[in-house]
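Breakdown of the fold
Next come the chains, spelled out residue by residue.
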Amino acid sequence: MLNRLSAVFLVIILAAPLALAQQGTSGMKGRVTAGDGSVLPGVTITIKHQESGVVRTTVTDRDGVYFMSGVTPGTYGLTSELSGFKTFRRYNVRLEVGKTSTVDVKLDMGAASEEMTVTAAAPVIDVTSKEVGGNITSKELSELPSVNRNFIGFVALLPGVVPNISTESFGADSVSVNGQDPRNNNYMVDGGNNNDDVIGQRAGTQARTPIESIQEFQVLTGQYDAEYGRTTGGVINAVTKQGTNAFKGVLFGFLQDKSYTNTDFFRKQNNQKKPDTRLEQWGGTLGGPILQDKLHFFASLERVLNNRGNAFTIAARPEIVFPVTTDDVWNTMLRFDHQINPSNTWAVRWLRESSPQLNQIVPIGGLNVTPAVAREESDIDMTAVAHLTSVIGTSKLNTLRLAWTTENVAFANPGFNSNGRNQAALKPLLQYQTYYDQQSDVAQARIDNARELNEVFNWYANKHDMKFGMSYEAVREKATDQGNMNGTFTFATDKPFNAADPSTYPERFSIRVPGATNLDLNGNYISVFAQDKWNLKNNVTLNLGLRYEVETIKLQENDNPLFSNPKDYPVDRNNVSPRIGLTYQLPGGKTSLLRGGVGRFYDKSHFELLQAVVTAGMFSNSFTAVFPTSARDPGPRTGVLPANPYLVNGPTVNRGLLNGQFPAGSRIKNTGTINLDNPNRVVPYTDQVSIGAQREILPGMSVNLDYVHAEGHDQLMLLDLNPGTRANTSASTPVVRTNTAVYGNSAALERVNTGRNTFNALEFQLDHHLGTAYQYRLSYTYSRARGNTSGNGAPQSNFQYLGNMNLDQNEGPGDFDKPHNFVLSGSWSVPHTGGLTLAMVSRYLSGDPFTITDNNFDKDQNGILFDPLAAGSYSGTGQNSITVSNKGGRNGARGPDFFQIDTRVGYRIPVHGVSIELIGEIFNLTDRANFQNPTGNRASASFLRLTALRSGAVPRTMQFGVRMAY
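Attention here is on the structure that accompanies the text. No experiment lies behind these values; they were computed from the predicted model shown. (Residues numbered from 1 in each chain as written. Predicted model: local features only at pLDDT ≥ 70, side-chain atom pairs only at ≥ 80, totals over all residues. Heavy atoms only, no water.)

**A word on the sheet that holds strand E10 (residues 132–137)**
If you walk across this open sheet you meet the five strands as E10-E15-E16-E13-E14, and the pairing is mixed. This sheet does not close on itself; its edge strands, each paired only once, are E10 and strand E14 (192–193). The pairing of strand E15 (residues 214–222) with strand E16 (residues 235–240) spans six bridges and is antiparallel. By the bridge assignment, Val219 is partnered in E16 with Ile236. (Pairing = 2+ DSSP bridges. Helix = DSSP H or I, 4+ residues; strand = E, 2+ residues; numbered from the N terminus.)

Okay, structure coming up:
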């Protein structure tokens, strides 16, 4: 069916003007009738932004219908005028981003000088949209508690969305939408791209937009129209504030300190002192007129000084006290809006954030690290967007938009940054059985730029709301990587090295040779779409859409193209996305809507999943070599000295031997893991079906219930073209490769489209986010995410034996499977208190899935130490051990769940037109310890022992602040 629809709508695409959608805007439509119910053509409809004075005008068509698209979100007044009828006025019509509000008008006979005024609120339901999601307002952003004041956390107030709060990097919060990899989201600000084209969106947006600068944002979790692309996850469509005809602004300051913070679980258990945590956030915004009703500005400044505690513990080293991670952030934004005349407007917005971080404590592969392995990060992010919107006649609108996004970031360690960036001169990283010590191996930096051109044409005619669009984006990444040029030694135990004790010698060694990698990656992305919202009847809308996307990526290493023939690199030219939906408005006094849709959604290739093809291909001047190649040296585990020449001297890099084997500047065959691309590889996609209902209960209050089904196809996985086997099930038995004539003794991982996953969910929301005295949301998602892939990046099938990936054995829950997701949020201005406000956010999440294994054995003898243990109950031993019920297979067990309540108390004091609010917030009110998953490897001393708090989890913490709005 999807292929037939593709052929039909491709004709529409080819015949349409090239244009792009109006993301970041809203729309209004309605029907004008006389008192007897007859339609009135030729009625002049004018809307005026009540704060900025910007106006739009149109005329009703022969059916008495008016339509305006590309309208800046905000609160408007509407005027309807026709000779022989009274002038109709309606105020306080709120237009939300991404929505089309339906406002019908009834005119009474009379003189135009007579007026009829209506103040009723507009319906909160978009009766033309099949999309699943919701909107978050600036009121919620300013009134609900937020532990780090990052707006990404508010996205997770909606059903189908799971937050991933980051402690690895400041401002790197992300979300998983409908069981998808967090990489697979599309963040837009003011209609422009705000994504990281290198790592995807697993660290959130490219540049963090302060919550005081955001007017509102829309979250689309499913069935988004053809105007949206580059994602199989969610679309987060944010709009920044604009200036008005009055000077308005906000000053704010917030403080967290260790004296307001409880000792976390592990420090309390180990009788350690609290870290010197402290968070200062202050800044302000200012907006106003340059020319009344015409030209306005808005500016924002935010300062963040943050000392973050690190709640880790190492059972083998309980004496270690982890220091704080520090952030030193400046964020600035500037926006101008100008209505040249009633038909033409332009706007430009620039955002910059500098956020250097010191002393990052980042676990490696599930193992904690000591403070000696701390990392550093320098990061400057910028985005800018400019658009010109032109109204053509009474039924057409054109928008031209330019967007630019850039990042200059370095992930490294103090030694690398202080010695002239010479990672090879530093001590090696030491990997013990349960932790890492001595020196970080991370040493990389990159600059990436994305430039985007969009063009839009919107045409309303004969009950058809049509959009035609195109987009072109050019992305370039220039990067250098010296990671692991200092080398990594792996040990069998946690005992420190003792030259007289063979059991303390390393059993494996890895190192980057012969030099650093310098990457130059270029991507070009083109998309076109056609879309029609056809009003079949007054209460029925048929949504028809088709989108086509194509991407080309050029990979280059050290100025040498990876592929001599561009045709050698896979270019998927079949990415056609048909999308169909139907909405039916039930009769009755309250707005009730039935909606459903089916569509295809393509992902976007993320550089980080591909660049290993450059950095570690068949031949390279920079790759990771491993010694011994096929398996660990058996000596240390049996009490004898290792035989490998790189291990006999203990954890000391033998540079002489290394330089002889891998001469500097040479381009030689990779003896480590070889990464390959497949010329037949295509872009992954997801087919989605949804059906749901929405009803307006009271003005500003609605309830939603949706069933969402998604099937992911052609998901990226890694196929080993040089699979290995062992002669027996012992983990120390050497791995024998099957294709050594071509690949030597290295694994050769080719990117293939063998992954498949499914997501099924019931998503419920009770929403009153436009309330004045009070507002609230209740969201609940019951879901299942499963597949033959973990769904995280491009994973390998750990069950591959020879050429068979055995994907049936790899079936199991996805890494982002959360069966239960409950959120309750809201705020209340308490009457008769003179200004008291109360607010809270509470959340419950199911635990993360993980696998129970025993890496002492290779049961299937495939050379991969990943063999799930049988179903049953398993328990750890020692302090903080837990018992889990294991269903067997990949991700058969589930870790600790998550529960947290955050509260806020505010008191507003009016002083000469300024509202001063004194604020107190408590995060994790119940002081619940929310733990990270334990290791599921029974061979580990930390098997099923809780050793760390979940990323982003905090002990009970208080924050005090003041916010002045004027």
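**Overview of empty space enclosed by the protein**
Applying the stated criterion across every chain, the model contains 17 cavities of 30 Å³ or more. Its boundaries defined by the atoms lining it, the largest cavity holds a volume of some 430 Å³. Around the largest cavity sit 32 residues that line it, and Gly70, Val71, Thr72, Thr345 and His387 are the ones nearest its centre. Of all the secondary structure elements, the ones that give two or more residues to the lining of the largest cavity are strand E3 (55–59), strand E4 (65–71), strand E20 (325–341), strand E21 (344–354), strand E24 (375–392) and strand E25 (396–412). Considering only residue class, the lining of the largest cavity consists of nine nonpolar, 18 polar and five charged. (1 Å grid on protein atoms, 1.4 Å probe; cavity = no way out; pocket = protein on both sides within 12 Å on 5 of 7 lines; lining within 4 Å. Points joined across faces, edges and corners; volume = space filled by probe spheres on them. Nonpolar A, V, L, I, M, F, W, Y, C, P; charged D, E, K, R; others polar.)

**Description of the nonpolar core**
Among the nonpolar cores identified, the biggest contains 29 residues, and Phe489, Phe509, Ile511, Val513, Phe627, Leu658 and Phe662 are the most heavily contacted of them. Mapped by element, the contributors of at least two residues to this core are strand E26 (429–431), strand E27 (435–437), strand E31 (508–514) and strand E39 (622–627). When neighbours within four sequence positions are excluded, Phe509 is seen to be in contact with Gly487, Thr488, Phe489, Ala625, Val626, Phe627, Tyr646, Leu647 and Val653. Leu141, Val177, Phe217 and Val823 belong to the second-largest nonpolar core, a separate cluster that totals 24 residues. (Core = buried A, V, L, I, M, F, W, Y, C linked by side-chain atoms within 4.5 Å. Buried < 20%, exposed > 50% of the residue type's maximum accessible area, 1.4 Å probe, protein only. Contact = heavy atoms within 4.5 Å.)

**Quick word on the pattern of salt bridges**
Counted according to the given criterion, the structure contains 55 salt bridges. Its salt-bridge partner being Arg149, residue Glu212 comes within 3.8 Å of it at the nearest N-O pair. Placement of the pair is Glu212 in the loop between E14 and E15 and Arg149 in the loop between helix H2 (138–143) and helix H3 (152–155), with a sequence separation of 63 residues. In this pair, the class of Glu212 matches that of Arg149, namely buried. For Glu811, the salt bridge goes to Arg756, with nearest N and O atoms at 2.2 Å. Here the residue Glu811 occupies a position in the loop between strand E47 (774–787) and strand E48 (812–813), and Arg756 occupies one in strand E46 (residues 748–768), the gap between them amounting to 55 residues. When its relative accessible area of 27% is taken as the criterion, Glu811 is described as partly exposed. A relative accessible area of 34% places Arg756 in the partly exposed class. A single salt-bridge network, built from bridges that share partners, covers Lys139, Glu143, Arg904, Arg908, Glu917 and Glu921. (Salt bridge = Lys/Arg side-chain N within 4 Å of Asp/Glu carboxyl O.)

**Observations concerning the sheet that holds strand E6 (residues 87–95)**
In spatial order, the strands read E3-E2-E5-E6-E9; together these five strands make up an open sheet with mixed pairing. Here the strands that pair on one side only, and so sit at the sheet edges, are E3 and strand E9 (115–118). Going across the sheet, the axis of each strand differs from the next one's by a mean of 20°, ignoring polarity. Two strands pair when backbone bridges link them, and strand E2 (residues 44–49) and strand E5 (residues 74–81) are joined in this way by six bridges, in the antiparallel orientation. (Axes fitted to C-alpha atoms, helices over the stretch in contact; angles between N-to-C directions.)

**Describing the pairing of E31**
Counted residue by residue, E31 has six buried out of seven residues, so it is predominantly covered. Across three bridges, the pairing between strand E30 (residues 488–490) and E31 is antiparallel. Paired with Thr490 across the strands is Arg508, a residue of E31. Where E31 lies against E39, six bridges are found, and the strand directions are antiparallel. Bridged to Pro514 within E39 is Ser622.

**Some points on the environment of Leu40**
Relative to the helices and strands, Leu40 resides in the loop between strand E1 (26–34) and E2. Sequence separation of Leu40 and Tyr435 is 395 residues, and the distance between their C-alpha atoms is 76 Å. Leu40 has contacts with Val32, Thr33, Ala34, Thr60, Gly64, Leu82, Phe85 and Leu107, leaving out every residue within four places of it along the chain.

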